[in-house]
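# Results of the structural survey
Now for the letters of each chain:
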Amino acid sequence: MSQSVDSSVDPLDRTVDLDRTAEISALTPPATTTTLDAPEEEAPRKRLKSAIFWSYALTAGRLGTTTVVTFVLAGMLGPHAFGVVGTALLFVMITQMLLQQTLLTTIIQREKLEGDHLDAGFWLVIIGSLVLTAVAAGAAPLWAAFNNQPEVTLICVALTPMILLQGLTVVPEAIMRRKMTFRPLAIRTLIANIIGGVVGIAMALAGYQAWALVGQQLVVGGVGAVVLWTVTDWRPRWRLPRQAIKDLWGFSAQSALGGIGVFLAIRIDLLVLAKFFGPVAVGLYRIAQRLPDMLTEVTSRSLQQVSLPELARLQRKPVELGDRLAKMLHVSAVAGLPALGILAAVAKPLVALLGPAWSPAGTGMQLLCIVGVVNVYGVLLGPALQAVGRPGINTALSWFQLSVGVATFYLIGQWLNGSEDDRAQVAAIALGMSAVELSITILMMYITFVRVLKVNTWQILGPTVPAFVAGTAGFLVPFLIDRFGLVGGPWVLKLVVYGALASGISGGLLLALDTRTRGMVMRKLGKK
């Protein structure tokens, strides 16, 4: 199941999109009972178009800068440093998620929003941030003991200021998302990530090891908060209106409950890795996870951000909604599946370029491409359910996925506990994650297509078959060549050969089998 959590504070993997749901909701203007005629819709359409552009820029900019920095630091620091900081970040991100999910979505989605709500929301978040910062600092030794990693304690304490930095940005960011002004958010993200990356690399060169990653995180959070408050005109007033608190609290509690389920469901793999296998396995897994996540973010989840308004417009026209959903899923598959097949083909030589210590992550990256494929198919299910007023199903399935994941990964942890084979540990967790995501997504497809929308499942999935075949073939041919050792030489040569083969096979099959894509390409070439 494609979850709606992102990660803009963590450059080591999905970098926090703790606000994926908020990004989707931000593209839907607050509800209104007034019927707008055509001329009055021009401004909202222009605003939506601008929001879509800058939303893509926000995603691409964040992922581009953090991916480059991540791989540079990975080559310099090694898996152990990444794993230690990753374990600490997982602890801090839970509290950040609570802050993000409780009020960000509430402010964006609220039909009538007044100044009292913003003032109340801001001071509630600040008070909550201070409390959670103190609690997190005090609980850091317990988290380190739980994971049998004493060195995590100081790093957890050092990262706790990120909680307050996150709290400072929740309300001004929600205001901008509500207004669909994504341009300042995109600029803020780029500036913060670039400066944070420079600081992290400089500290790594100076020999600070894991603390280079800590410095990077704190600088990204601090610069992001300063830039955001610089570009926003809103300022909080010194008051805490009681009625506004009551108005915000009900929806915020529901949002937080759903957010916790979603977050833990997609992070249970890292919890098990940290508990049973230690920091090296965590570091390897996060690098293995990084590129499949990035491809899914850019090719498919960017489409998710703009799907809800369009699907919601057709919520009372099930036939048209099913047709539109099929077209969107086709776009997601064409963009995502061949790219994931190519990545799986080059995963091993690509990871080997970072150094011998990272080689065990290659097999894990190939298996996590399966998770990417599943997410390509599941990425629009949440918006489809939201569009027809059934968001509770997504929350319930998230908690069900968490339960299945806990059982699955606990068994894997017990099975390989004590093993020193990092490759087997990472591969087993990646395979378990693939199995959990696949089973939950199949269940969610059945509920969404058959029980809720009542549309023909083949109508939705059929157009994606050519892209699936193209991506699978693009992976299998280089995989078999590598399996039988038909290409020798350095990893760079294998990377080039496997990449060229996978790209040619995937692209050729896609054009040969997919009439929609072929027609689009021919039209583009005809215009030139």
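Description of the structure in this document. (Residues numbered from 1 in each chain as written. Predicted model: local features only at pLDDT ≥ 70, side-chain atom pairs only at ≥ 80, totals over all residues. Heavy atoms only, no water.)

### As for the overall build of the protein chain
When you go through the protein chain residue by residue, the secondary structure sums to 19 helices and 2 strands. Out of the 528 residues belonging to the protein chain, those deemed buried represent 56%. Of all intrachain contacts in the protein chain linking residues separated by at least 6 positions in sequence, the fraction that spans at least 24 positions is 82%. For the protein chain, the exposed surface amounts to about 21,400 Å²; the carbon and sulfur share of it is 68%. (Helix = DSSP H or I, 4+ residues; strand = E, 2+ residues; numbered from the N terminus. Buried < 20%, exposed > 50% of the residue type's maximum accessible area, 1.4 Å probe, protein only. Contact = heavy atoms within 4.5 Å. Areas by Shrake-Rupley, 256 points an atom, 1.4 Å probe, with all protein chains shown as cover.)

### Some remarks on the packing of helix α11 (residues 318-352) against helix α17 (residues 465-483)
The N-to-C vectors of α11 and α17 enclose an angle of 5°; their axes lie 7 Å apart at closest approach. If you check the angle between α11 and α17, you find them roughly parallel. Contacts from Ala333, Val334, Leu337, Pro338, Gly341, Ala344, Ala345 and Lys348 in α11 reach Ala467, Phe468, Gly471, Gly474, Phe475, Pro478 and Asp482 in α17. Classifying every residue of the contact of α11 with α17 by side-chain character gives 10 nonpolar, 3 polar and 2 charged. (Axes fitted to C-alpha atoms, helices over the stretch in contact; angles between N-to-C directions. Parallel < 35°, antiparallel > 145°, perpendicular 65-115°, else oblique. Nonpolar A, V, L, I, M, F, W, Y, C, P; charged D, E, K, R; others polar.)

### Here's the deal with the packing of aromatic side chains
Counted according to the given criterion, the structure contains 11 aromatic pairs. Look at Phe122 and Trp123: their rings are 4.9 Å apart centre to centre, the planes differ by 80°, and that puts the pair in the edge-to-face class. Both residues of the pair, Phe122 and Trp123, belong to the buried class. Consider the rings of Phe475 and Phe479, whose centres lie 5.2 Å apart with planes at 35°: the pair is tilted. Taken together, the residues span about one helical turn, with Phe475 and Phe479 both in helix α17 at a distance of 4 residues. The exposure class assigned to Phe479 is partly exposed, which follows from its relative accessible area of 28%. Linked through ring pairs, Phe122, Trp123, Trp229, Trp234 and Trp238 together constitute an aromatic cluster. The ring of Phe146 carries the charged tip of Lys275 above its face, separated from the ring centre by 4.7 Å. (Phe/Tyr/Trp six-rings, centres within 6.5 Å; stacked < 30°, edge-to-face > 60°. Lys NZ or Arg CZ within 6 Å of the ring centre and 35° of its normal.)

### Thoughts on the environment of Gln459
Within the element layout of this structure, Gln459 appears in helix α16 (residues 457-461). For Gln459, a relative accessible area of 33% puts it in the partly exposed group. On a C-alpha basis, the gap between Gln459 and Ala326 in space is 6.8 Å, while along the polypeptide they are 133 residues apart. Setting aside anything within four residues of it in sequence, one finds Gln459 in contact with Gly322, Asp323 and Ala326.

### Digging into the pattern of salt bridges
Under the criterion given, the structure shown has 3 salt bridges. With its nearest N and O atoms 2.8 Å apart, the salt bridge here joins Arg237 to Asp119. In this pair, Arg237 is assigned in the loop between α8 (210-231) and α9 (242-277) and Asp119 in helix α4 (residues 115-146), connecting sequence segments 118 residues apart. Of the charged contacts in the structure, one is a salt bridge between Lys327 and Asp323, with a shortest N-O distance of 3.4 Å. Pair noted here: Lys327 and Asp323 are both in helix α11, with a separation of 4 residues, about one helical turn. Looking at Lys327, the relative accessible area reads 41%, which means it is partly exposed. (Salt bridge = Lys/Arg side-chain N within 4 Å of Asp/Glu carboxyl O.)

### Section: the layout of surface pockets
One simple way to see leftover space: roll a probe sized like a water molecule over the atoms. The space that makes up the second largest pocket amounts to roughly 460 Å³. Cys369, Ile370, Val373, Val374 and Phe468 are, among the 22 residues lining the second largest pocket, the residues nearest its centre. Contributions of two or more residues to the lining of the second largest pocket are made by α11, α12 (361-378), α15 (422-452) and α17. Counting residues per element, the lining of the second largest pocket draws most heavily on α12, at 8 residues. When its residues are assigned to classes, the lining of the second largest pocket shows 16 nonpolar, 6 polar and no charged. (1 Å grid on protein atoms, 1.4 Å probe; cavity = no way out; pocket = protein on both sides within 12 Å on 5 of 7 lines; lining within 4 Å. Points joined across faces, edges and corners; volume = space filled by probe spheres on them.)

### A word on helix α18 (residues 491-513)
With 23 residues, α18 should reach 33 Å at 1.5 Å per residue; the first-to-last C-alpha distance of 32 Å fits that figure. Where α18 is concerned, the buried positions are Lys494, Tyr498, Gly499, Ala502, Ser506 and Leu510. (Expected span 1.5 Å × (residues − 1).)

### A short note on the side chain of Thr133
Within the secondary structure layout, Thr133 lies in helix α4. Accessibility expressed as a relative area gives 18% for Thr133, which makes it buried.

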